[in-house]
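Per-entry structural report
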Amino acid sequence: MGSEGSRVVVPRNFRLLEELERGEKGIGDGTVSYGMDDADDIYMRSWTGTIIGPHNTVHEGRIYQLKLFCDKDYPDNPPTVRFQTRINMTCVNQETGVVEPSLFPMLANWQREHTMEDILVNLKKEMSSAQNRKLYQPPEGNDDQRMEQKGLVLRCCIL
């Protein structure tokens, strides 16, 4: 009786609960993971992701931390994705760490069926691409964190 063109649209919170459950179970080979940033966030907006750099690239063995922000219009629109760890990639703004949607096809061509897991897996694949696999990377260590975090401490001291 159902028409071929109709589909069930899963409500935002149910969708995010599904993603949370999948993220908690672990993904594939364990080199990509994600979960809620704040368990008390009832709107499930703030998420943390981790990518372990792929083999045979300058990223090999490095651990990259990301923040994903799912606004009220997720999953109809993509989350904002930002690297907390400094990284040199063609689709990442070097000043802010934000993954630029216009430079990352998955975000530019977002579809409701895409997930945060898909984003992280595709970012890992992008690390292996010809244009990113050999790019010079910032040194590892405490200096890898974004400037805004350090700037916040300096601004507090100045005031």
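Nothing here was measured: the structure is a model prediction, and the numbers come from that model.

Conventions we followed
Residues numbered from 1 in each chain as written. Predicted model: local features only at pLDDT ≥ 70, side-chain atom pairs only at ≥ 80, totals over all residues. Heavy atoms only, no water. Salt bridge = Lys/Arg side-chain N within 4 Å of Asp/Glu carboxyl O. Helix = DSSP H or I, 4+ residues; strand = E, 2+ residues; numbered from the N terminus. Buried < 20%, exposed > 50% of the residue type's maximum accessible area, 1.4 Å probe, protein only. Pairing = 2+ DSSP bridges. Axes fitted to C-alpha atoms, helices over the stretch in contact; angles between N-to-C directions. Contact = heavy atoms within 4.5 Å. Expected span 1.5 Å × (residues − 1). Arc of directions from axis to C-beta. Polar contact = N/O pair within 3.5 Å; in protein donor to acceptor, adjacent residues only side chain to side chain.

Summed over all chains, the structure comprises 5 salt bridges. For Lys67, the salt bridge is made with Asp37, and the minimal N-O distance between the two is 3.0 Å. You can see Lys67 sitting in strand β3 (residues 63–69) and its partner Asp37 sitting in the loop between β1 (32–36) and β2 (46–52), a full 30 residues away along the chain. Judged by relative accessible area, Lys67 falls into the partly exposed class, the value being 28%.

Turning our eyes to something else, we now look at the pairing of strand β4 (residues 80–83). Because side chains alternate across β4, one face comprises the buried residues Val81 and Phe83, and the other comprises Thr80 and Arg82, none of which is buried. Where β3 meets β4, 4 bridges bridge the pair, whose relative direction is antiparallel. Looking across to β4, one finds that Phe69 is bridged to Thr80.

A word on the sheet that holds β4. Reading across the sheet, the 4 strands line up as β1-β2-β3-β4 and stay open at both edges, with antiparallel pairing between neighbours. At either end of the open sheet lies a strand with only one pairing partner, and these are β1 and β4. Between one strand axis and the next, the sheet turns through 20° on average, direction left out of account. Strands β1 and β2 of the sheet are contacted by helix α1 (residues 12–25), whose axis makes an angle of about 130° with β1. Against the sheet, helix α3 (residues 116–127) makes contact with β1, β2, β3 and β4, and its axis sits at roughly 35° relative to β2, the strand it touches most.

Right, let's get into the pairing of β3. Only one face of β3 is covered, namely the one carrying Tyr64, Leu66 and Leu68; the face carrying Ile63, Gln65, Lys67 and Phe69 has none of its residues buried. Examined bridge by bridge, β2 and β3 share 7 bridges and lie antiparallel to one another. The residue of β3 that forms the bridge with Thr50 is Gln65.

Bringing α1 into the picture now. In a regular helix each residue adds 1.5 Å, so 14 residues correspond to 20 Å; α1 covers 20 Å between its end C-alpha atoms and thus fits that length. When α1 is considered as a whole, its buried residues turn out to be Arg12, Arg15, Leu16, Glu19, Leu20 and Gly23. When α1 is viewed along its axis, its buried side chains cluster within an angular range of 140° and face the same direction. Exposed positions of α1 whose direction lies more than 90 degrees from the buried face are Phe14, Glu24 and Lys25. Looking at the packing, one finds that the buried side of α1 touches β1, β2 and α3.

Moving on to the side chain of His59. Residue position: His59 is located in the loop between β2 and β3. For His59, a relative accessible area of 0% translates into the label buried. A distance of 3.4 Å separates a polar atom in the side chain of His59 from the backbone oxygen of Asn132. Setting aside residues up to four positions removed in sequence, His59 forms contacts with Gly53, Pro54, Tyr64, Ile87, Asn88, Met89, Met127, Asn132 and Gln137.

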